[in-house]
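Understanding the architecture of this molecule
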Amino acid sequence: MKVTVCELPNDPGALAEQWDHLADHTRSAKSDLVLLPEMPFHPWPAASDRVDPERWRQTVESHRRWIERLPELGAGVVMGTRPVNRRGVPHNEGFVWTPDDGVIPAHTKYYLPDEAGFWEASWYRRGKGAFKPFACGGIVCGFLICTELWFTLHARNYGRQGVHILICPRVTPASSTDKWIAGGRTAAVVSGAFCLSSNLNGPNIPGSDFGGTGWIIEPEEGAVLGTTSVEKPFLTADIDPRWAEAAKSTYPRYVSD
């Protein structure tokens, strides 16, 4: 299975140009699965602690329009997150898109930070805390959206349920990139699953740029197979789900709870 991770700019004009390059890359690479960053299709709303309903509406609408363009990537599956309103309540929702079924809700972000540049608990509500695997063409996946990566119990539980790939879209700062890579490696080892992550890049609040650095991490030793950068914002690798299946029978995955 060919999987692609990326980093995309937190700027509408730059995003429009970079999107064309991403589509060229995924079509040329014949990507089966493309992972987008967390809420990538509008400037990050939670940078401010002043919740603005009109800005949230614009963010929701912008994602709706951009999601209509997902066929341009030429992939069988595209994953990411989007802002939604469910019964009038705002959420950050992980989605799966396929050409046949369109957008399918897959997970609602549960763990929400609330601090400078990342006022998420102020802008939207947490989900119900359901971390359920889902299948895409025989590959079993599970969402861990950004901060959820640090709650490793869920990675462990995903591994117990046979997940091949942890899907980790994020919006994280450049100042903590090394820490986030360490978290991704840990989640891969705990679960015995590949860990994929895509992130925004570019400015957030003054003095705090988004860190980019999408990654693909293998399931056995947690080795980083590759990362993205501003110079090389897209990364594609051919991964074998049998590697994840074999990893689950080895240490520390086999140890009983």
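Residues numbered from 1 in each chain as written. Predicted model: local features only at pLDDT ≥ 70, side-chain atom pairs only at ≥ 80, totals over all residues. Heavy atoms only, no water.

**Details of the packing of aromatic side chains**
For any pair of aromatic rings, geometry is given as the distance between the ring centres together with the angle between the planes. Taken as a whole, this structure holds 15 aromatic pairs when the rule is applied. Between Phe194 and Trp243, the aromatic rings sit 5.6 Å apart at their centres with planes inclined by 85 degrees, giving edge-to-face as the arrangement. Highlighted residues: Phe194 in strand β11 (residues 194-203) and Trp243 in helix α6 (residues 241-247), separated in sequence by 49 residues. A relative accessible area of 34% means that Trp243 is categorised as partly exposed. Among the aromatic side chains, those forming a connected cluster through ring pairs are Tyr110, Tyr111, Phe131, Phe151 and Tyr158. (Phe/Tyr/Trp six-rings, centres within 6.5 Å; stacked < 30°, edge-to-face > 60°. Helix = DSSP H or I, 4+ residues; strand = E, 2+ residues; numbered from the N terminus. Buried < 20%, exposed > 50% of the residue type's maximum accessible area, 1.4 Å probe, protein only.)

**Brief notes about the pairing of β11**
With eight of 10 residues buried, β11 is to be regarded as a mostly interior element. Read from strand β10 (residues 165-170) through helix α5 (residues 177-191) to β11, the crossover connection turns out right-handed. Sheet topology places β11 next to strand β13 (residues 215-217); three bridges connect them, and they run antiparallel. If you follow Ser197 over to β13, its bridge partner there is Trp215. Here three bridges tie β11 to strand β12 (residues 209-211), and the two strands are oriented antiparallel to one another. Following the sheet pairing, Asn201 is matched in β12 by Gly211. Adjacent in sequence and paired antiparallel, β11 and β12 are bridged by five residues, among which Gly207 carries a positive phi angle near 85 degrees. (Right-handed = clockwise from strand over helix to strand, strands pointing away. Pairing = 2+ DSSP bridges.)

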